[in-house]
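# Tertiary structure, described
Take a look at the letters that make up each chain.
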Amino acid sequence: MVSLGAVHSVVYVLLLSVTLVLGGDIVHHDDVAPIRPGCDNNFVLVKVPTWIDGVEKSEYVGVGARFGPTLESKEKRANLTRVVMADPPDCCTKPKNKLTSEIILVHRGKCSFTTKANIADEAGASAILIINYRTELFKMVCEENETDVDIGIPAVMLPQDAGLTLERHIKNNSNVSIQLYSPLRPLVDVAEVFLWLMAVGTILCASYWSAWSAREAAIEQEKLLKDASDDYINTENVGSSGYVEISTTAAILFVVIASCFLVMLYKLMSFWFVEVLVVLFCIGGVEGLQTCLVALLSCFRWFRQPAQTFVKIPFFGAVSYLTLAITPFCIVFAVVWAVYRRASWAWIGQDILGITLIITVLQIVRIPNLKVGTVLLSCAFLYDIFWVFVSKWWFHESVMIVVARGDKSGEDGIPMLLKIPRLFDPWGGYSIIGFGDIILPGLLVAFSLRYDWLAKKNLRAGYFLWAMTAYGLGLLITYVALNLMDGHGQPALLYIVPFTLGTFLSLGKKRGELKILWTRGKPERPCCHIQEDNQSINSHH
């Protein structure tokens with residue numbers, strides 16, 4: 001059984017969830033920086049592996065400039081070239097040292113980026129590395145009044161720590177050599193395929209569990225009616241204590257509350273704040289893992305007796321012996337993940353906790369009819385678009401993307417995400433999907449299967465198969481858009497909502513069942529037909 005407090009905690013996770021599909025940006029688009037002939041490159045990340053006195057050392061990451069030729073994408077085609085320090089270091093005047101196709105290392109400041117690049121080009125350098133005065137990377141653009149932007153060498157910005165390390169080696173008379181190349185991402189990474197399967201599989205499992213629970217409750221109602229039991233009072237509310245139904249008002253409030261929390265995350269994003277989110281995620285994850293394990297083990301006859309035997313515990317109420325046995329394992333699992341969440345394998349634990357939490361949410365939180373589902377998904381659709389795209393106008397960056405990545409927190413993203421490492425991406429990183437992109441459309445898909453089972457519809461005549469297919473296609477289109485945008489985060493609900501909601505509404509109208517789906521959300525119960533049949537038999541007698 002799920003306690004009321006657990007229900008509330010799960011609902012809060014639903015409200016705090018991120019709705020975003022992301023796969024590490026490789027090309028950084030910028031609509032603000034000026035573009036004109038000779039100064040129209042995309043801002044691409046650049047790999048900078050280093051060799052010190054012939055020994056391979058650290059690899060750094062820089063960013064290419066808006067101007068100059070594009071870099072080689074293949075490592076094997078990138079030349080290993082010696083690096084020299086500019087004299088003067090800012091390279092705002094002609095260097096005193098003679099260059100023979102070396103890469104020149106210069107400091108940022110005193111003159112424009114294009115001026116430095118032109119001077120380095122004329123001095124015989126093969127490329128220019130500019131050291132930023134911060135640890136972050138900076139996008140190098142052309143000034144509005146500059147005319148000499150026909151630059152013949154590539155320009156790359158290095159973060160301060162990387163640039164100063166190279167400078168120190170050069171000043172120690174070490175032979176420093178580097179390669180410059182910007183590898184392309186694969187069109188499709190296996191991580192995206194597995195993430196798609198995880199999202200679809202999670203909704204599939206949760207929908208069948210939800211439909212099975214609804215059918216069992218309907219069977220109990222039917223038995224009570226057949227027996228003409230005095231206990232059968234207000235059958236609409238039988239079993240309602242096991243789940244929470246979302247109202248139209250709650251669906252609208254979702255956008256308001258979720259938006260407020262998202263802004264709070266954005267403004268307060270820091271190491272300690274992410275630690276608080278980790279604790280909340282662990283609490284919800286323990287509840288989700290415990291609920292799913294108890295339900296799974298209860299299917300086996302060896303565990304049915306302890307699952308059906310309860311003991312009363314203060315504050316928690318009646319708890320089964322099986323739940324007591326499972327809970328310590330769930331707590332240990334969540335604690336181990338929290339302690340080692342920065343390890344390379346920690347994404348596995350995060351996904352297990354996340355999937356079980358999502359399944360639990362979809363089991364106990366339900367939409368009663370298509371009207372509520374339409375309001376909820378429409379509001380979420382607008383919410384997603386606003387905080388991914390429109391928020392840039394007010395905050396000068398996408399609030400949703402910044403929060404999902406955990407920028408300025410020192411953490412590798414917030415925990416309310418499913419993630420898989422990008423296996424064949426030369427830049428590494430993770431493909432991620434927010435809980436909201438599974439939970440919100442999952443509520444509609446689960447509703448469709450509950451309706452089909454209660455109406456005794458087969459797959460082709462029902463709505464579940466079509467809703468599930470629409471969700472899968474919507475998520476697939478999201479990943480297509482993600483790859484076309486070079487990994488720039490996409491609001492998944494922008495694609496998923498029209499597919500799922502549009503399919504459901506169109507199909508309901510075509511079959512003449514839209515009115516029942518919209519208001520009642522349930523077919524005429526078999527019990528009611530049985531009652532009418534009994535009355536007609538009695539009248540014949």
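Note on numbering: residues in each chain are counted from 1, in written sequence order. Predicted model: local features are reported for residues with pLDDT of at least 70 only, side-chain atom pairs are reported and counted for 80 or more only, and whole-chain, interface and lining totals are derived from all residues. As a rule here, side-chain values come from all non-hydrogen atoms in the structure, and water together with hydrogens is ignored.

## Some thoughts on the state of the cysteines
The cut-off we apply is this: Disulfides are defined as cysteine sulfur pairs within 2.5 Å. Numbering of helices and strands runs from the N terminus, with a helix taken as a DSSP run of H or I at least four residues long and a strand as a DSSP run of E at least two residues long. Burial classification: accessible surface area is computed with a 1.4 Å probe over protein chains only, and a residue below 20% of its type maximum counts as buried, one above 50% as exposed, and the rest as partly exposed.
Under the defined criterion, the tally for this structure stands at two disulfides. The disulfide partner of Cys-39 is Cys-142, and the S-S distance across this bridge is 2.1 Å. A torsion of 110 degrees about the S-S bond marks the disulfide between Cys-39 and Cys-142 as right-handed. Of this pair, Cys-39 sits in the loop between strand 2 (27-28) and strand 3 (43-52) while Cys-142 is found in the loop between strand 7 (127-131) and strand 8 (155-158), placing the two residues 103 residues apart along the sequence. Judged by its relative accessible area of 1%, Cys-39 falls in the buried class. Cys-142 sits in the buried class, given a relative accessible area of 3%. Disulfide pairing places Cys-92 opposite Cys-111 at an S-S distance of 2.1 Å. Looking down the S-S bond of the Cys-92 and Cys-111 bridge, the torsion is -95 degrees, so its handedness is left-handed. Here Cys-92, found in the loop between strand 5 (81-85) and strand 6 (103-107), pairs with Cys-111, found in the loop between strand 6 and helix 2 (113-123); they are 19 residues apart in sequence, far enough to count as distant. The disulfide pattern of the protein chain is 1-4, 2-3 when the bonded cysteines are numbered in sequence order. With no disulfide partner, Cys-330 has as its closest neighbouring cysteine sulfur the one in Cys-292, 9.4 Å distant.

## Description of the pattern of salt bridges
Rules: Salt bridges are identified by distance alone: a Lys or Arg side-chain nitrogen within 4 Å of an Asp or Glu carboxyl oxygen.
Counted according to the given criterion, the structure contains nine salt bridges. Measuring nitrogen to oxygen at the nearest pair gives 2.2 Å for the salt bridge that ties Glu-275 to Arg-341. Residue Glu-275 is found in helix 6 (residues 271-297), and its partner Arg-341 is found in the loop between helix 8 (321-339) and helix 9 (346-364); the two are separated by 66 residues along the sequence. Via salt bridges that share partners, Glu-192, Arg-422 and Asp-425 belong to a single interconnected network.

## Focus: unusual backbone geometry
Put simply, Asp-87 and Pro-88 share a cis peptide bond, and its omega is 10 degrees. Phi at His-396 takes a positive value of approximately 65 degrees, unusual for a residue other than glycine. Along the chain, His-396 falls in the loop between helix 10 (370-395) and helix 11 (399-405). By relative accessible area, His-396 is classed as exposed at 72%.

## Points about the packing of helix 12 (residues 436-454) against helix 13 (residues 464-484)
Stated precisely, the cut-off is as follows: Axis definition: a line fitted to C-alpha atoms, limited for helices to the stretch in contact. Angles are taken between N-to-C directions and run from 0 to 180 degrees. For classification, angles of less than 35 degrees are called roughly parallel, those exceeding 145 degrees roughly antiparallel, those between 65 and 115 degrees roughly perpendicular, and all remaining angles oblique. Here is the rule for handedness: rotate from the far helix to the near one, and if that takes an anticlockwise turn smaller than a right angle the crossing is left-handed, while a clockwise turn gives right-handed. Any two residues whose heavy atoms approach within 4.5 Å are treated as being in contact. Residues are grouped as follows: nonpolar covers Ala, Val, Leu, Ile, Met, Phe, Trp, Tyr, Cys and Pro; charged covers Asp, Glu, Lys and Arg; every other residue, Gly included, is treated as polar.
Between helix 12 and helix 13, the shortest axis-to-axis distance is 8 Å and the interhelical angle comes to 165 degrees. Considering the angle they form, helix 12 stands roughly antiparallel to helix 13. Here helix 12 runs over helix 13; the crossing is left-handed. On the side of helix 12, the interface is formed by Asp-437, Ile-438, Pro-441, Val-445, Ser-448, Leu-449 and Asp-452, while helix 13 contributes Phe-464, Ala-467, Met-468 and Tyr-471. Looking at the contact of helix 12 with helix 13 residue by residue, the class counts come to eight nonpolar, one polar and two charged.

## Thoughts on helix 5 (residues 248-268)
Condition: Multiplying 1.5 Å by the residue count of a helix minus one yields the expected span of that helix. The bend reported for a residue corresponds to the angle between axes fitted to the seven residues ending at that residue and the seven starting there.
Taking 1.5 Å per residue as the helical rise, helix 5 with its 21 residues ought to reach 30 Å, and the 31 Å between its terminal C-alpha atoms agrees with that figure. Maximal helix bending in helix 5 amounts to about 25 degrees, located at Phe-254. Buried within helix 5 are the following residues: Ala-251, Phe-254, Val-255, Ala-258, Ser-259, Phe-261, Leu-262, Leu-265 and Tyr-266.

## What to know about the confidence of the model for the protein chain
To be explicit about the condition: Each residue carries a pLDDT score, the predictor's own confidence in it, on a scale running from 0 to 100.
Averaged over all residues, the pLDDT of the protein chain equals 83, while 85% of them reach at least 70. Low pLDDT (under 50) marks residues 229-241, which in the prediction has twelve contacts with non-local residues, meaning those over four places away or in another chain. Segment residues 526-541: pLDDT under 50, and eleven contacts once partners within four positions in sequence are set aside and those in other chains are kept.

## Thoughts on the side chain of Glu-513
Of note, Glu-513 is situated in the loop between helix 14 (493-511) and helix 15 (514-520). The buried category is assigned to Glu-513, whose relative accessible area is 17%. Those residues in contact with Glu-513 that lie beyond four places of it in its chain are Tyr-451, Lys-457, Tyr-463 and Gly-508.

## Regarding the packing of aromatic side chains
What counts here: Stacked, tilted and edge-to-face are the three classes applied to pairs of Phe, Tyr and Trp rings, where Trp contributes its six-membered ring and a pair requires centres within 6.5 Å; stacked means planes under 30 degrees apart, edge-to-face means over 60, and tilted covers the rest. Cation placement over rings: the criterion is NZ of Lys or CZ of Arg within 6 Å of the ring centroid and within 35° of the ring normal.
Enumeration according to the criterion identifies 17 aromatic pairs in this entry. For the ring pair Phe-329 and Phe-333, a centre distance of 6.2 Å and an interplane angle of 45 degrees mean the geometry is tilted. Here Phe-329 and its partner Phe-333 are both found in helix 8, four residues apart, which amounts to about one turn of the helix. Given the relative accessible area of 47%, Phe-329 is considered partly exposed. We classify Phe-333 as partly exposed; its relative accessible area is 23%. Members of the aromatic cluster, each reached through a chain of ring pairs, are Tyr-266, Phe-386, Trp-387, Trp-393, Trp-394 and Phe-395. Sitting over the face of the ring of Trp-427, Lys-47 holds its NZ or CZ atom 4.6 Å from the ring centroid. One cation-aromatic arrangement involves Arg-511 over Tyr-463; the distance from NZ or CZ to the ring centre is 4.8 Å.

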